[in-house]
Amino acid sequence: MDSTLSLLMQGFAVAGTPENLMIALIGCFLGTVVGLLPGLGPINGVAILLPIAFAMKLPPESALILLCAVYAGCEYGGRISAILLNVPGDAGAVMTTLDGYPMARKGLAGPALSMSAMASFCGALVATLGIVLFAPLLAEWAIAFGPAEYFVLMVLALCCLGGLVGDSLPKAAIACLIGLLLSTVGIDSNSGVYRYTFDALHLQDGIPFIVIVIGLFAVSEVMLMLQHAHAGVAPMTITGRLMFNMKEFMLAKWTMLRCSLAGFFIGVLPGAGATIASAMCYASERRMAGKDHQFGEGDVRGVAAPEAANNASANGSLVPMLTLGVPGSGTTAVMMGALTLYNITPGPTLFQEQPAIVWGLIASLFIANVMLLALNIPLIRVFVKFLSIPNWLLVPGVAAISMVGVYAVHGNTFDLVLGTVIGGLGYLLRVMNFPIAPFILGFVLGDMMEQNLRRALSISNGEVGVLFNSPIAIALWVGAVAMLIGPRLMKMLAERKERVAA
Amino acid sequence: MSEKILGGVLLFISLAGIWLARSFEAPFSYEPVGPRAFPMLILALLGISAIALMLEKKSAVTWAAPATLQRIGALFLIVLAYAWLFDKLGFIVATTLMVVPVARFFGASWKQGALGGVGLGVGLFILFDRLLDVALPTGLWVANILG
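Residues numbered from 1 in each chain as written. Chains lettered and ligands numbered in written order. Predicted model: local features only at pLDDT ≥ 70, side-chain atom pairs only at ≥ 80, totals over all residues. Heavy atoms only, no water.

J.: In this structure, what is going on with the overall build of chain B? I would like to understand it.
T.: Along the backbone of chain B there are 6 helices and 0 strands. For 147 residues, the compact-globule estimate of 2.2 N^0.38 gives 15 Å, and chain B exceeds it by more than 25% at 24 Å. Seen through its principal axes, chain B has C-alpha atoms that stretch 55 × 50 × 25 Å. Residue burial in chain B is summarised as follows: out of 147 residues, 39% are buried. Across chain B, contacts joining residues at least 24 apart in sequence account for 62% of those joining residues at least 6 apart. As presented, chain B carries roughly 8200 Å² of accessible surface, and 73% of it is formed by carbon and sulfur atoms. On chain B, the mean spot of the 10 positive side-chain charges and the mean spot of the 7 negative ones are 14 Å from each other. (Helix = DSSP H or I, 4+ residues; strand = E, 2+ residues; numbered from the N terminus. Rg over C-alpha atoms; globule rule 2.2 N^0.38 Å. Buried < 20%, exposed > 50% of the residue type's maximum accessible area, 1.4 Å probe, protein only. Contact = heavy atoms within 4.5 Å. Areas by Shrake-Rupley, 256 points an atom, 1.4 Å probe, with all protein chains shown as cover. Lys, Arg positive; Asp, Glu negative; His and termini not counted. Charge placed at Lys NZ, Arg CZ, Asp CG, Glu CD.)

Have a look at this one:
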C-alpha cells in the first residue's frame, strides 16, 4: 500500500508539471465539446486527436494525458446534449435523455446538468480509486501468464465484445475477423514473408493503425452523419438556478455511489462498456426506487444513475488495457494503439518498466476529473454554445482535421486514400448493422494474438494441446464460449418465455 | 438480400485469401507454425461466418433513400478526391474545395459554404502548421511558382 501511494505521488509529479496540466485542461475542454456534439463520441475524439498528438511530437506521457483527458471529457459532454436536446451526445448518454430532457422541459435544466456533472465526477473518482487499488494486483497476477494463456485471454476479450454487441453473432464475428485479417497484411516479422501486400510498396509495413482508425471513426462517421442528418432542434435554454439543492443531492447520493461501484466493475469486464453499464444501473435504480419515484418524468436520480455508471465504467475499462494489455472496448483499443505507436506495450510488465507512464496516466485521471467538474458546472453556458455549431461547418471540419492527422504522421497521400476507402467500407458495414468495436479490437490484437499463438506452439513443438493445458487457459476458454453464446441464449430464452406467456 | 450478397463476397474473399496464403512459405524456419497458419485460420472462420450470415433468417438492413444514398456516394467521392489532392493542391486550396460542396450537402448556402471553406482552409492551416507545428503541404503549384 505504501509503495502504491508513493508511486501515485510520482504519478502526480509527472501529471502536475505546468505543460501537462495545460495539456490536460485543453484535453478536458476538447473532450467535453466532442462529447456533446451528437454523432461524435469518445472513440471519434480519441481517434481524431491521436495522430495529431503524435504529429505534434508530444512525449508519450503527455500524449496519453491528452487522450485520457479527452476520453474523460467526452463522457461528461455526452450528457449536455442528452439533457438539452434529447439527443445523446455519445452512446453512453442514451439513458440520460430519459430523465434529463423531461427535467429540462420542467425548467430544471440547470440542476439536471449540475447533478449529472456531480454524478459523473463521483463515478470517475470511484473508478479511478478502483484502478489504483486493483490494477497493480491484476498486473501482478497476470505476470504469470504464458503465451498460451495470453492467446486465450485475447480470444476471451474478442468473444466478450462479440457476444455483447450488435444484433447477430455472425455479424460480430465477421467484424472481428476482418479486423484480424487486416492485421496480417505486411511483412511477417518472424519469417520475412510478404502477406497480402499485392506488391504495393506502401503495404509492406502493414496497414497503419491510424489509417484504420481515421477511416472507421472519422470518414464513415461523416457519411453516417449525412444519412442521419436531422433538422436542427433548438436546445432548451438554461433558466433559473444552475446548482442542484441539498434535497436533490440527498435523494441521489446513494444512487450515485451504488452506480459508480457497479459501473466500475462492469467497465472492468471486457466487452461490457459504458452503454451497458448505464442501462443496467438505470433499470436497477428505477426498480429500487419504490413507488413514489418520477423516473421517466424527470427524476434527479434518473440523471445521476446513468451518468455515474457510464463514467465509472469508462474509467474501469482502462484496467484490462493497462494491466493485461488486452483492451475490452473500442475506445480503449484505440488508446492501446496509441501506446503501441510510442513503442510502449501495455501489459503486466508496464507497471514495472514504465511506472512514470502508468501512474502519470492514473494521476492525470484524478486531475482531469477535478478540472472537468470545475469546467462543467460554472462554465456550462460556454459549452452549450457549441451545440449551435451547424453541421455544415462541423462535418467538413472533422474531415479536414482527420486528414491533417494522418498526413502529419505518414506524410503521403496513399494513406489518406486508403483511409477513405476503409471509411467507405466501414460505412457499408455500419449501415448493415455490423458492430465496429470488434473490428478495431481485432485489428489491434491481431499481431499479438498471432505472435503468442506461434510462441506457445513453438514451446510445445507444434502440439496444439498446450492451449488447453493450464487451469487458467481452460477457465478462459470456458469463459470465452460462455460469453459468446450466453448473452444471446439468454435473450432467446427470454423471448420464448414471453411468447409462451402471450 | 444485402446480407446474402455481402456473405457471398466475404466467402469469396476467404477462399481467395486461403488460396493466396498457400504461397506464404518461409525459406527456412525455426518454428513449427509458419506465416500462413494464422491467416488461414482467420479466413476459414471468416468463411464459416459468411455462410452463417447468408443462412440467417432475419434481414433488417434499411438503406437510406436513393436520393440520400446518392449524396452519400458523392460525399465519399469528394473525400476521396480530397485525400488524393491533399498534397498536390496544398492544404488550403484542397480544403476549401472540399468544404464548399460538403457544406452544401448539410444545408449551407453557397455564401456560407464559400466562407466556411476559406475559413476552415486558412484557419486550420494557421492553427496546425503555424501554431501547433504540424507540417501541412502548401502544394506543388506554390513550389512551382516560387521556382
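Further notes follow.
J.: For this particular structure, what's the right way to read the packing of aromatic side chains?
T.: The relation between two aromatic rings is expressed through the spacing of the ring centres and the mutual angle of the planes. Enumeration over the complete set of coordinates arrives at 18 aromatic pairs over all chains. When the ring of Phe264 of chain A is compared with that of Phe265 of chain A, the centres are 5.2 Å apart and the planes differ by 70°; the resulting orientation is edge-to-face. In this structure Phe264 of chain A comes out as buried when scored by relative accessible area, which is 3%. Phe265 of chain A sits in the partly exposed class, given a relative accessible area of 45%. Aromatic side chains Tyr82 of chain B and Phe86 of chain B sit 5.5 Å apart centroid to centroid with 80° between the ring planes, which places their arrangement in the edge-to-face category. Of the residues examined, Phe86 of chain B reaches a relative accessible area of 0% and is grouped as buried. Ring pairing ties together the aromatic residues Tyr407 of chain A together with Tyr82, Phe86, Phe91 and Phe125 of chain B, which thus form one cluster. When the ring centre of Phe434 of chain A is taken as origin, the NZ or CZ atom of Lys171 of chain A, which lies over that ring, is 5.7 Å away. When the ring centre of Trp84 of chain B is taken as reference, the NZ or CZ atom of Lys88 of chain B above it lies at 4.8 Å. (Phe/Tyr/Trp six-rings, centres within 6.5 Å; stacked < 30°, edge-to-face > 60°. Lys NZ or Arg CZ within 6 Å of the ring centre and 35° of its normal.)

J.: Would you mind showing me how to read the side chain of Ser470 of chain A here?
T.: The topology assignment puts Ser470 of chain A in the loop between α20 (437-459) and α21 (471-501). Looking at Ser470 of chain A, its side chain comes within polar contact range of the main-chain nitrogen of Ala473 of chain A, at 3.1 Å. (Polar contact = N/O pair within 3.5 Å; in protein donor to acceptor, adjacent residues only side chain to side chain.)

J.: Would you mind going over the layout of surface pockets with me for this structure?
T.: The method is simple in principle: a probe with the dimensions of a water molecule rolls over the atoms, and the space it marks as empty is what remains. Residues and elements named next belong to chain A. The calculated volume of the second largest pocket comes to roughly 1000 Å³. The wall of the second largest pocket is formed by 36 residues, among which Ser183, Asp205, Gly206, Ile207 and Asp447 lie closest to the centre. For the lining of the second largest pocket, the elements supplying multiple residues, two or more each, are α8 (169-183), β1 (186-187), α14 (330-341), α18 (391-410) and α20. A per-element tally of the lining of the second largest pocket places α20 first, with 8 residues. Taken together, the residues that form the lining of the second largest pocket break down as 14 nonpolar, 15 polar and 7 charged. (1 Å grid on protein atoms, 1.4 Å probe; cavity = no way out; pocket = protein on both sides within 12 Å on 5 of 7 lines; lining within 4 Å. Points joined across faces, edges and corners; volume = space filled by probe spheres on them. Nonpolar A, V, L, I, M, F, W, Y, C, P; charged D, E, K, R; others polar.)

J.: What's the story with unusual backbone geometry in this structure? I'm lost.
T.: Among all residues save glycine, negative phi is the norm, and among peptide bonds the norm is trans. Residue and element names in this part refer to chain A. Not every positive phi belongs to a glycine, and Tyr196 is a case in point at roughly 50°. Mapped onto the secondary structure, Tyr196 falls in the loop between β2 (194-195) and α9 (209-227). For Tyr196, a relative accessible area of 11% corresponds to the buried category.

J.: Any chance you could explain the pattern of salt bridges here in plain terms?
T.: Note on pairing: side chains with opposite charge can pair once their charged atoms come close. All chains considered together, the criterion is met by 10 salt bridges over all chains. Taking the shortest distance from any N to any O, the salt bridge between Lys171 of chain A and Glu3 of chain B comes out at 2.6 Å. On the criterion of chain membership, the pair formed by Lys171 of chain A in helix α8 and Glu3 of chain B in helix α1 (residues 2-21) is interchain, its members lying in two chains. Across this residue pair, the class does not change: Lys171 of chain A and Glu3 of chain B are buried. With a closest N to O distance of 3.2 Å, Glu221 of chain A and Arg430 of chain A form a salt bridge. With Glu221 of chain A in helix α9 and Arg430 of chain A in helix α19 (residues 413-431), the pair connects residues that are 209 residues apart, well separated along the chain. Taking the relative accessible area as the measure of exposure, Glu221 of chain A reaches 9% and is therefore buried. (Salt bridge = Lys/Arg side-chain N within 4 Å of Asp/Glu carboxyl O.)

J.: Help me out: how do you make sense of the interface of chain B and chain A in this one?
T.: One frequent convention defines the size of an interface as the accessible area lost when the parts assemble. Contacts between the two partners involve 68 residues from chain B, matched on the other side by 62 residues from chain A. When chain B packs against chain A, close to 5400 Å² is buried across both sides, 82% of that on carbon and sulfur atoms. Taken together, chain B and chain A are joined by 1 salt bridge. Counting across the interface, chain B meets chain A through 4 residue pairs in polar contact (both at pLDDT 80 or more). For the side of chain B that touches chain A, the secondary-structure elements that each account for two or more residues are α1, α2 (37-55), α3 (66-85), α4 (91-105) and α5 (110-131) of chain B. (Buried area = accessible area lost by both parts, 1.4 Å probe.)

J.: Before we go on, may I ask you to explain the nonpolar core in this structure?
T.: Side chains that are nonpolar tend, in soluble globular proteins, to be buried together. Ile80, Leu84, Ile207, Phe217, Val334 and Ile440 of chain A together with Phe86 of chain B are the most contacted members of the largest nonpolar core, which totals 218 residues. With residues up to four places along the chain from it excluded, the contact list for Val334 of chain A reads Ile43, Val46, Ala47, Leu50, Phe209, Val213, Phe217 and Ile440 of chain A. (Core = buried A, V, L, I, M, F, W, Y, C linked by side-chain atoms within 4.5 Å.)

J.: It is not clear to me how the state of the cysteines should be interpreted in this structure. Could you clarify?
T.: Disulfides are covalent bonds that connect the sulfur atoms of two cysteines. Residue and element names in this part refer to chain A. In this structure the tally under the stated criterion is 0 disulfides over all chains. The cysteine Cys122 is free of any disulfide, with Cys259 supplying the nearest cysteine sulfur at 9.2 Å. Not engaged in a disulfide, the cysteine Cys176 finds its nearest cysteine sulfur in Cys159; these two sulfurs lie 7.7 Å apart. (Disulfide = S-S within 2.5 Å.)

J.: How should I be thinking about helix α11 (residues 274-288) of chain A in this particular structure?
T.: Note on helix geometry: an α-helix contains 3.6 residues per turn, so any two residues three or four positions apart are oriented the same way. Residue and element names in this part refer to chain A. For α11, with 15 residues, the first-to-last C-alpha span of 21 Å sits near the 21 Å given by 1.5 Å per residue. Among all positions of α11, only Ala274, Ala277, Ser278, Cys281, Tyr282 and Glu285 are buried. Mapping the buried residues of α11 onto a view down its axis gives an arc of 125°, with all of them on the same face. Downstream of α11 by one or two residues, Gly290 has phi in the positive range, about 75°. (Expected span 1.5 Å × (residues − 1). Arc of directions from axis to C-beta.)

J.: Teacher, can you tell me more about helix α4 (residues 60-85) of chain A here?
T.: All names here are of chain A. Across its 26 residues, α4 extends 37 Å between first and last C-alpha, which sits within 8% of the 38 Å expected from 1.5 Å per residue. The largest bend in α4 amounts to roughly 25° and is located at Glu75. With respect to burial, α4 is a largely interior element, 24 of its 26 residues being buried. Where α4 terminates, the next one or two residues include Asn86, which has phi positive at roughly 65°. (Bend = angle between axes of the 7 residues up to and from the residue.)

J.: Can you walk me through empty space enclosed by the protein in this structure?
T.: All names here are of chain A. Under the criterion given, the structure shown has 3 cavities of 30 Å³ or more. The calculated volume of the largest cavity comes to roughly 40 Å³. Lining the largest cavity, in full, are Leu50, Ala53, Phe54, Pro60, Ala63, Leu64, Leu67, Ala338, Leu339 and Tyr342. If you list the elements that add at least two residues to the lining of the largest cavity, you get α3 (42-55), α4 and α14. The residue makeup of the lining of the largest cavity, split by class, is 10 nonpolar, no polar and no charged.

J.: What is the right way to read the UniProt feature "transmembrane region" (unreviewed entry) in chain B from this model?
T.: Residues and elements named next belong to chain B. Sequence positions flagged by UniProt for "transmembrane region" (unreviewed entry) are, in local numbering, residues 33-55, 67-85, 91-107 and 114-132. Structurally, residues 33-55 is divided into 83% helix and 0% strand, and its ends, taken at the C-alpha atoms, are 33 Å apart. As annotated, residues 67-85 comprises 100% helix and 0% strand, and the C-alpha atoms at either end are separated by 27 Å. (UniProt positions renumbered as here; feature names shortened; annotations may be inferred.)

J.: Looking at this structure, I do not really get a nonpolar patch on the surface. What am I missing?
T.: Residue and element names in this part refer to chain A. Residues Leu133, Phe134, Leu137, Trp254, Leu257, Leu261 and Phe265 make up a contiguous nonpolar surface patch of roughly 710 Å² in combined accessible area. Of all the secondary structure elements, the ones that give two or more residues to the nonpolar patch are α6 (109-142) and α10 (246-268). Mapped onto the fold, Leu133 is located in helix α6. Residue Leu133 is classed as partly exposed on the basis of its relative accessible area, which comes to 46%. (Patch = residues over 30% accessible without salt bridge, like charges linked within 9 Å, V, L, I, M, F, W, Y side chains within 5 Å.)

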